[in-house]
Amino acid sequence: MLTEFDTSLPSIKQVQKLIKENTSVELKLITGDIIAGTVLWQDSQCFCVMEKDNQKITVWKQAIAYLRQ
């Protein structure tokens, strides 16, 4: 089941701003793993993060404990 992508939500707006400004972020996953880089895109379920070594990682939003700038 796909969830509607509600661009009026503050969290969606915040991530869109991070994408537009190419801001570095740190995602801590619920597993304890940390992913650092820039967010390339987001949809209703996932983020794509470009790490410093130019590796792209798709992360499901439900796996994220927090996002830090």
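Residues numbered from 1 in each chain as written. Predicted model: local features only at pLDDT ≥ 70, side-chain atom pairs only at ≥ 80, totals over all residues. Heavy atoms only, no water.

Brief notes about the pattern of salt bridges
Rules: Each reported salt bridge corresponds to a side-chain nitrogen of Lys or Arg within 4 Å of a carboxyl oxygen of Asp or Glu. For helices the rule is a DSSP run of H or I covering at least 4 residues; for strands it is a run of E covering at least 2, with both sets numbered from the N terminus onward. Working definition: with a 1.4 Å probe on protein chains only, accessible area under 20% of the residue-type maximum means buried, over 50% means exposed, and in between means partly exposed.
Under the criterion given, the structure shown has 1 salt bridge. Close ionic contact of glutamate 26 with arginine 68 constitutes a salt bridge, the shortest N to O distance being 3.0 Å. In this pair, glutamate 26 is assigned in strand S1 (residues 24–29) and arginine 68 in strand S5 (residues 64–68), connecting sequence segments 42 residues apart. Under the relative-accessibility criterion, glutamate 26 is labelled partly exposed at 23%.

Topic: unusual backbone geometry
The phi angle at asparagine 22 is positive, at roughly 55 degrees, despite the residue not being glycine. By secondary structure assignment, the location of asparagine 22 is in the loop between helix H1 (10–20) and S1. For asparagine 22, a relative accessible area of 52% translates into the label exposed. Of note in this structure, asparagine 54 is not a glycine but carries a positive phi near 65 degrees. Its place among the elements puts asparagine 54 in the loop between strand S3 (46–50) and strand S4 (56–60).

So, the sheet that holds S5
Rules: Think of it this way: DSSP has to see at least two bridges between two strands before they count as a pair. Axis definition: a line fitted to C-alpha atoms, limited for helices to the stretch in contact. Angles are taken between N-to-C directions and run from 0 to 180 degrees.
Strand order in the open sheet formed by 5 strands is S4-S3-S2-S1-S5, and the pairing between neighbours is antiparallel. Lying at the two open borders of the sheet, with one neighbouring strand each, are S4 and S5. With strand direction ignored, the average angle separating the axes of adjacent strands in the sheet is 45 degrees. Sheet analysis places S1 next to strand S2 (residues 34–42), joined by 5 bridges and oriented antiparallel. Across the sheet, the residue bridging to valine 25 is glycine 37, located in S2.

Considering the confidence of the model for the protein
For clarity, the threshold we go by: On a scale of 0 to 100, pLDDT captures the predictor's confidence in every residue.
On average, residues of the protein score 94 in pLDDT, and 96% of them reach the 70 mark or higher. Mean pLDDT per element in the protein: H1 is the minimum at 95, and S1 is the maximum at 98.

Concerning the pairing of S2
Where S1 folds back onto S2 in an antiparallel hairpin, the turn is made up of 4 residues, including glycine 32, whose phi is positive at roughly 100 degrees. Where S2 lies against S3, 4 bridges are found, and the strand directions are antiparallel. From the neighbouring strand, glutamine 42 faces S3, where its bridge partner is phenylalanine 47. Hairpin connection from S2 to S3: 3 residues lie between these consecutive antiparallel strands.

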